[in-house]
Amino acid sequence: MFQEAQASVVVVLNSRDATVTLLDQENFKELSSFPIGKEPHHLMATPDNKSLIVANAVGDELVFLDPKTGQIQRRIKDVADPYQIGFSPNQKWFISNSLRLDRVDFYKYDGKDFTLANRVPLAKLPSHMAFDAASTTVFITQQGSDQISAIDLATQKVKWTIPVGKLPAGIVMTPDDKHLLVGIMGKDYVEVIDWRTQKTVKRITAGAGTHNFRSMGDKRHVFVSNRTSNTINIIDQLTLENVGTIPVPGGPDCMELSADGKTLWATLRWIKKVAVIDVASKKVIKLIPVGRSPHGVYFYDRAATM
């Protein structure tokens, strides 16, 4: 099922096929594919980088993979509807957004085990998350109610909820900890929020179906995918301007960036492929077939996420 591999393995989640595809990062070839569980959507490395967590939303479980080879290490069952997952910057909290259940689950994390601490109901379809640098607050987009909520990590109480644009999806904190950037999937812009005053301060025009983010690793720029317009934009997080556009076919969604910053990989939700993009020329250099509705993508040899 698996082939021997080093740090060049690319892990792709095929949400509709309930499988993982492993690709060779250097040669753009498929290494293997294997079943993982129902509706794997998102994934992230543990803080020590020793495991890669795959969240099986409908399968109600977390699957831990070796981040270098893609081999399964262990499973944690009975984790209800883990759609999007995240660790607080101080590594004390593990958060799971339960999209179907309209709630956010808080787990205490001791470096290995997860202990459920609380379940916080939200309005409708909690989707993506971001944290402040001090690990006081997690910010949750709610696609079904066009809102963002701020939840206190210490008390697991909702501090505030504000309206935003239609179908808010991806959300990131700017490196200076001043603004939240929100992909407004129902429109064509990134909403910029001053989270301390709870006000929208700008809308950055992107592309239709503005969806998800991936840092360029330079502590200034971030990529944002636009699923409907088939583009990826580059946002300057200092000036809050759109400074570049990359045409990408097939509904670009999640992204991963090579350690040298030269190649961006993007899952293409509508055409069962992954795009490899040359960042300098802003051109797609390879389309690689994978499974149905590819979503999360990861590789170990990656650029910083800030």
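Structure shown above.
Throughout, a residue's number is its position along its own chain's written sequence, starting from 1. Selection of residues for local features in this predicted model requires a pLDDT of at least 70, selection of side-chain atom pairs for listing and counting requires 80 or more, and totals for whole chains, interfaces and linings are taken over all residues. Each side-chain value is worked out from all heavy atoms of the structure, with water and hydrogens disregarded.

A.B. asks: Would you mind showing me how to read the side chain of arginine 227 here?
C.D. replies: Assignment of secondary structure puts arginine 227 in the loop between β21 (221–226) and β22 (231–236). A 1.4 Å probe rolled over the protein chains alone gives each residue an accessible area, and that area as a share of the maximum for its type sets the label: buried under 20%, exposed over 50%, partly exposed in between. Overall, the relative accessible area of 14% leaves arginine 227 in the buried class. Nitrogen and oxygen atoms within 3.5 Å of one another constitute a polar contact, given that in protein one can donate a hydrogen and the other can accept it, and given that sequence-neighbouring residues count only through two side-chain atoms. Of the polar contacts made by the side chain of arginine 227, one reaches the side chain of aspartate 253; its length is 2.7 Å. Numbering goes from the N terminus for both helices and strands, where a helix is a DSSP run of H or I of at least four residues and a strand is a run of E of at least two.

A.B. asks: Please explain the environment of glutamine 91 as it appears in this structure.
C.D. replies: Secondary-structure assignment places glutamine 91 in the loop between β8 (84–87) and β9 (93–98). Note: C-alpha distance between glutamine 91 and valine 190 (99 residues apart in sequence) is 28 Å. Pairs of residues are marked as contacts when any of their non-hydrogen atoms sit within 4.5 Å. Glutamine 91 has contacts with Pro47 and Tyr109, leaving out every residue within four places of it along the chain.

A.B. asks: I tried to follow the side chain of aspartate 177 on my own but got confused; where do I start?
C.D. replies: Inspection of the secondary structure puts aspartate 177 in the loop between β16 (168–173) and β17 (179–184). Ignoring sequence-local partners within four residues, the contact set of aspartate 177 consists of Asp132, Ala133, Trp195 and Arg196.

A.B. asks: Can you walk me through the sheet that holds strand β1 (residues 9–14) in this structure?
C.D. replies: The pairing of strands in a sheet comes from backbone hydrogen bonds and takes either a parallel or an antiparallel form. Read from one edge of the open sheet, four strands run β3-β2-β1-β28, paired in antiparallel fashion. Among the strands making up the open sheet, the edge pair consists of β3 (30–35) and β28 (294–299). Taking each pair of neighbouring strands and ignoring which way they run, the sheet shows an average axis angle of 20 degrees. In this scheme, strands are said to pair when DSSP sees at least two bridges between them. As paired elements, strand β2 (residues 19–24) and β3 share five bridges and run antiparallel to each other. If you follow leucine 23 over to β3, its bridge partner there is glutamate 30. Angles here are taken between N-to-C directions and fall from 0 to 180 degrees, while the axes themselves are lines fitted to C-alpha atoms, restricted in helices to the stretch in contact.

A.B. asks: Could you clarify how one ought to interpret the sheet that holds strand β12 (residues 126–131) in this entry?
C.D. replies: Spatially, four strands are ordered β12-β13-β14-β15 in an open sheet, and the strand pairing comes out antiparallel. Each end of this open sheet is capped by a strand with a single partner; those strands are β12 and β15 (158–163). For this sheet the average axis-to-axis angle between neighbouring strands, irrespective of direction, equals 20 degrees. Bridging between strand β14 (residues 147–152) and β15 involves five bridges; their strand directions are antiparallel. Its bridge partner lying in β15, glutamine 147 is registered against proline 163.

A.B. asks: Could you clarify how one ought to interpret the pairing of strand β18 (residues 189–194) in this entry?
C.D. replies: In the case of a regular strand, side chains alternate between the two sheet surfaces. Burial analysis of β18 places five of its six residues in the buried class, the great majority of the element. Note that β17 and β18 share six bridges and pair antiparallel. In the strand pairing of β18, glycine 183 is matched with valine 190. Where β17 folds back onto β18 in an antiparallel hairpin, the turn is made up of four residues. Pairing geometry for β18 and strand β19 (residues 199–205), over six bridges, is antiparallel. Bridging from a neighbouring strand, aspartate 194 pairs with lysine 199 of β19.

A.B. asks: I'm lost on the pattern of salt bridges in this one. Help?
C.D. replies: Opposite charge on two side chains permits pairing when their charged atoms draw close. For salt bridges, the criterion is a side-chain nitrogen of Lys or Arg within 4 Å of an Asp or Glu carboxyl oxygen. Using the criterion set out here, one finds 15 salt bridges in the structure. Across the pair aspartate 105 and arginine 103 runs a salt bridge, and its minimum N-O distance is 2.9 Å. With respect to burial, aspartate 105 and arginine 103 carry one shared label: buried. In this structure, the salt-bridge partner of arginine 269 is aspartate 253, at a minimum N-O distance of 3.0 Å.

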